[in-house]
Amino acid sequence: MAEVQGLMDRLEKAVIRLETALSTSCFSKSTGNDILNGINGAVAPHVEAFDALMTGPLQEYLKNSKILGGDVETHAALVENAFKAERVFLAYASQHQQPPEAELALLLKPISEKILEVLTFREKNRGSQMFNHLSAISESIPALGWITVTPAPGPFVKEMADAAAFYTNRVLKDYKNR
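Residues numbered from 1 in each chain as written. Predicted model: local features only at pLDDT ≥ 70, side-chain atom pairs only at ≥ 80, totals over all residues. Heavy atoms only, no water.

A.B. asks: Tell me about the packing of aromatic side chains, residues and numbers included.
C.D. replies: As enumerated under the stated definition, the model contains 3 aromatic pairs in all. Centroid distance Phe50 to Phe83: 5.8 Å. Interplanar angle 20°. Geometry classified as stacked. On the criterion of sequence distance, the pair formed by Phe50 in helix α2 (residues 45-55) and Phe83 in helix α4 (residues 70-95) is long-range, its members being 33 residues apart. This pair shows no difference in class: Phe50 is buried, exactly as Phe83 is. Between Phe131 and Tyr167 the ring centres are 6.4 Å apart and the planes differ by 90°, which places this aromatic pair in the edge-to-face class. (Phe/Tyr/Trp six-rings, centres within 6.5 Å; stacked < 30°, edge-to-face > 60°. Helix = DSSP H or I, 4+ residues; strand = E, 2+ residues; numbered from the N terminus. Buried < 20%, exposed > 50% of the residue type's maximum accessible area, 1.4 Å probe, protein only.)

Right, here's the structure in full:
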């Protein structure tokens, strides 16, 4: 019986990974039947809003990080990967009902790992001349965890932004005349 349960657990994990991978692919190509959770179109409104964040402010951040180069550019690539992982989760969530707690933890794992990479990069580069830049982002990146906060994630996101304000202000002060 324990062997069957172990196989069922492995199968459930494999299905979650497969569904996550499929959620990043496109839906049927203009068949006219692109309805998602009762919404015409292939992308749910909250995913579209996240896409706007990724194509707007995130792209601006990546562009400016590339100009600065070095540690900031490397760090920005890690941040971009975290946002991409979050986007995969949001697309998946828009197509499925809330899974049991164990499955949810598996679905959130890629996002947590990407956030941890961002934080670890900062810690490994404490001697960097751009440490305040790295810290400003690292202090706010946990805001991607808003998807786990109920009922209202807004205050959590604001708290993360406030945490980054100290380092953001230091960057602004240090580079005021440059």
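A.B. asks: Run through the packing of α4 against helix α6 (residues 131-140), naming residues and quoting values.
C.D. replies: Close contact between α4 and α6 brings their axes to 10 Å; oriented N to C, the two are set at 15°. Classified by the angle their axes make, α4 and α6 are roughly parallel. When you trace α4 past α6, the crossing you get is right-handed. Contacts between α4 and α6 involve Asp71, Val72, His75 and Val79 from the former and His133, Leu134, Ile137 and Ser138 from the latter. Looking at the contact of α4 with α6 residue by residue, the class counts come to 4 nonpolar, 3 polar and 1 charged. (Axes fitted to C-alpha atoms, helices over the stretch in contact; angles between N-to-C directions. Parallel < 35°, antiparallel > 145°, perpendicular 65-115°, else oblique. Left-handed = near helix turned anticlockwise from the far one by under 90°. Contact = heavy atoms within 4.5 Å. Nonpolar A, V, L, I, M, F, W, Y, C, P; charged D, E, K, R; others polar.)

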